[in-house]
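# Analysis of the macromolecular model
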Amino acid sequence: MSKSVNSLVLDGHSLQLEDACRCSRSTGAPSIAPSARIAVQAARELVERLLHSGKPVYGITTGFGKLKSVSIAPADAVTLQVNLLRSHAVGVGACADATTVRLLLVLRLNTLLRGNSGVRNEVCDQLCALLAHNILPEVPEQGSVGACGDLAPLAHLALVLIGEGRARVGNSEVLSGGAALQRCGLQALQLQPKEGIALINGTAFSTAVAALSMSSAWQALALADLAAAMTIEALQGSHHPAEARVAAIRPHPGHARSAANLRALLHGSEIEAEHHDCGRVQDPYSLRCTPQVHGAISDALEHVSLVLEREMNSATDNPLIFAAEGDSISAGNFHGEAVALVCDYAKCAVAELASISERRIENLVNPDLSGLPPFLAGGQPGLNSGLMMAQVTAAALVSENKGLAHPSSVDSIPTSANQEDHVSMSPIAARTLRAITTNMRHVLSVELLAAYFALHWRQPRRAGAGVQAAFAFLQQHIAPPGADRLFSEDLAKVRQLMDDGSLLAAAHRAAPCPGYPRPIENTP
């Protein structure tokens, strides 16, 4: 059950994607489960014993990476951790937005709470304090190869905990980390052995960017079902391909879900009833195969979401601390391959959502295919160009997505003097997924606008319940087709109604859609 941020309790084991994303878009901080505090304390006590054991323990009594064989005296163990943050904070490029940074803080906190990282509870409390006061570190997005984790972004994040680096307090100007803490009455954290490496070793940045893209993609899939239903009605397409018996004999869960959504949105259509016995044998694939394509995308998004949830609740540190067994293991849980591969999978799925939408747009604006005025131009076509260029915009975005969808995970450049000789490129996969998702939503806005225009020529016959409700809602905000105008303003309005969830809400009030395994969140 999803919770508000104020009631969200983190324990390192049970964070759900939707709760994490909701927390990132809110203010305030989650609380920490008492059981997690006990686990954190037990791991910390073991770290203290290891520190004075005289044994080489990576990152505690040794240097890092290629310098793993350099012994560090206990007296220098604290300096080692601070130096690690400073030396690894070499990110470049644009800084992550506030939503991404808040999610990054949540994920870093949750993974430490598993009790396999060896930090003190004070570190977890400092992360909570940043969330509670909305202190948002400046985190450059470029500079990580996804192993040993997202080192550079997380180092920039961690510096603020110790009063260094740079941060904003809410929407304030950029401050030094120390000034940001001081403004909120907080003290800089004094790192102890193992805590620097625990803060920066892991996949939190890749996972945060990917999780927010998934939240956006789930909402976009629901919008795509609505857009497809509107297009089917506007083009007088057949409803038969969405029948349950078609999905039953090819039992992919997503196919059944998408077909059920289309049936709900199209139910009660006067348009379909009028052309039920027309001579058209079958529709183009972009209409007829919507349940199959959207369904496959739904199954892909669900797989990706499950993997990301597992990653959110994983210990991705090195070395790993096992308090119950009394030892530590230097291993590779920081490697981002699991995230990279599913991000690449999601990139293809989301790009396909845009691709089939663009083909439906072409069917709407091409008079040889639609039987409607050319490019849905009102008034005198020729004098008015209608949505001619809007389809071109959609085509450009789909083409751009093809390049972005090239898998990032197939690349690897050895780093750290060949100690890190295979890396995942998970943050690149996540960032390109985000770019594809943004482009896809723009394409959907074009289809929704085009379908809205086209439905004007089907009135006064009422479309299916969900489609008619969406049409009526759009009528309240967007003028009907007519003489050429700044259609970019119409597209911006459609995007606003998509992002704030109001368009979907209008359609789903009239026609509840049963086929979404994840809550459909707004994506401001």
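Here, the structure is the one placed above.
Residues numbered from 1 in each chain as written. Predicted model: local features only at pLDDT ≥ 70, side-chain atom pairs only at ≥ 80, totals over all residues. Heavy atoms only, no water.

### Side note on the overall build of the chain
The number of helices and strands found in the chain is 21 helices and 9 strands. Scaling as 2.2 N^0.38, a compact globule of 524 residues should have a C-alpha radius of gyration of about 24 Å, and the chain matches this with 26 Å. Here the C-alpha coordinates of the chain stretch approximately 85 × 50 × 45 Å along the principal axes. Across the 524 residues of the chain, 59% fall into the buried class. Looking at the chain alone, contacts between residues at least 24 apart form 79% of all its contacts between residues at least 6 apart. A total accessible area of about 20000 Å² is found for the chain, and carbon and sulfur atoms account for 55% of it. Side-chain charges in the chain split into 40 positive and 47 negative, and the spacing between the mean points of these groups amounts to 2 Å. (Helix = DSSP H or I, 4+ residues; strand = E, 2+ residues; numbered from the N terminus. Rg over C-alpha atoms; globule rule 2.2 N^0.38 Å. Buried < 20%, exposed > 50% of the residue type's maximum accessible area, 1.4 Å probe, protein only. Contact = heavy atoms within 4.5 Å. Areas by Shrake-Rupley, 256 points an atom, 1.4 Å probe, with all protein chains shown as cover. Lys, Arg positive; Asp, Glu negative; His and termini not counted. Charge placed at Lys NZ, Arg CZ, Asp CG, Glu CD.)

### Considerations on the nonpolar core
Membership of the largest hydrophobic core comes to 160 residues, with the highest contact counts inside it found for Ile135 and Met230. If we ignore the near neighbours within four places in the chain, the residues touching Ile135 are Leu105, Leu130, Val160, Ala167, Arg168, Val169, Ala180, Leu181, Cys184 and Leu186. Core analysis: the second largest hydrophobic core is formed by 9 residues, Leu46, Leu51, Val57 and Ile321 among them. (Core = buried A, V, L, I, M, F, W, Y, C linked by side-chain atoms within 4.5 Å.)

### What about helix α18 (residues 426-455)?
With 30 residues, α18 should cover 44 Å at 1.5 Å per step; its first-to-last C-alpha distance of 43 Å lies within 8% of that length. Most of α18 sits out of view: 24 of its 30 residues are buried. (Expected span 1.5 Å × (residues − 1).)

### Here's the deal with the packing of helix α1 (residues 17-24) against helix α4 (residues 98-112)
Interhelical geometry of α1 versus α4 gives an angle of 125° and a closest axis separation of 8 Å. It follows from the interaxial angle that α1 and α4 lie oblique. Note on packing geometry: the crossing formed by α1 with α4 is right-handed. Residues Ala20, Cys21, Cys23 and Ser24 of α1 lie in contact with α4, whose contacting residues are Thr99, Arg102, Leu103, Val106 and Leu107. Residue composition of the contact of α1 with α4, by class: 6 nonpolar, 2 polar and 1 charged. (Axes fitted to C-alpha atoms, helices over the stretch in contact; angles between N-to-C directions. Parallel < 35°, antiparallel > 145°, perpendicular 65-115°, else oblique. Left-handed = near helix turned anticlockwise from the far one by under 90°. Nonpolar A, V, L, I, M, F, W, Y, C, P; charged D, E, K, R; others polar.)

### Some words on helix α17 (residues 388-404)
The first and last C-alpha atoms of α17 sit 25 Å apart over 17 residues, in line with the 24 Å expected at 1.5 Å per residue. Every buried residue of α17 is listed here: Ala390, Gln391, Ala394, Leu397, Val398 and Asn401. All buried residues of α17 lie within an arc of 120° about the axis, which places them on one face of the element. Along α17, the residues that are exposed and aim more than 90 degrees away from the buried face are Met389, Lys402 and Gly403. (Arc of directions from axis to C-beta.)

### Quick look at the environment of Gly63
If you trace the backbone, Gly63 turns up in the loop between α2 (34-51) and α3 (77-88). A C-alpha to C-alpha distance of 9.3 Å links Gly63 and Leu84, two positions 21 residues apart in sequence.

### A closer look at the pattern of salt bridges
For the coordinates displayed, the defined rule picks out 21 salt bridges. For Glu18, the salt bridge goes to Arg518, with nearest N and O atoms at 3.2 Å. On the criterion of sequence distance, the pair formed by Glu18 in helix α1 and Arg518 in the segment after α21 (502-510) is long-range, its members being 500 residues apart. The pair Glu18 / Arg518 is uniform in exposure class, with both members buried. Close ionic contact of Asp344 with Lys347 constitutes a salt bridge, the shortest N to O distance being 3.1 Å. Separated by 3 residues within a single helix, Asp344 and Lys347 lie in helix α15 (residues 337-365), roughly one turn from each other. (Salt bridge = Lys/Arg side-chain N within 4 Å of Asp/Glu carboxyl O.)

### With respect to the state of the cysteines
Applying the stated criterion to the full structure yields 0 disulfides. Here Cys148 is not cross-linked by a disulfide; its sulfur's nearest cysteine counterpart is in Cys343, at 19 Å. Assessed through its relative accessible area of 10%, Cys148 is described here as buried. (Disulfide = S-S within 2.5 Å.)

### Overview of the sheet that holds strand β4 (residues 135-137)
Across the sheet, 3 strands lie side by side as β4-β6-β7; this open sheet has antiparallel pairing. Of all strands in the sheet, those bounded by a partner on one side alone are β4 and β7 (175-176). Looking at chain direction, β4 and strand β6 (residues 166-169) are connected through 3 bridges and run antiparallel. Across the sheet, residue Pro137 finds its bridge partner in β6, namely Ala167. Helix α6 (residues 151-161) contacts β4 and β6 of the sheet and is inclined by roughly 140° relative to β4. (Pairing = 2+ DSSP bridges.)

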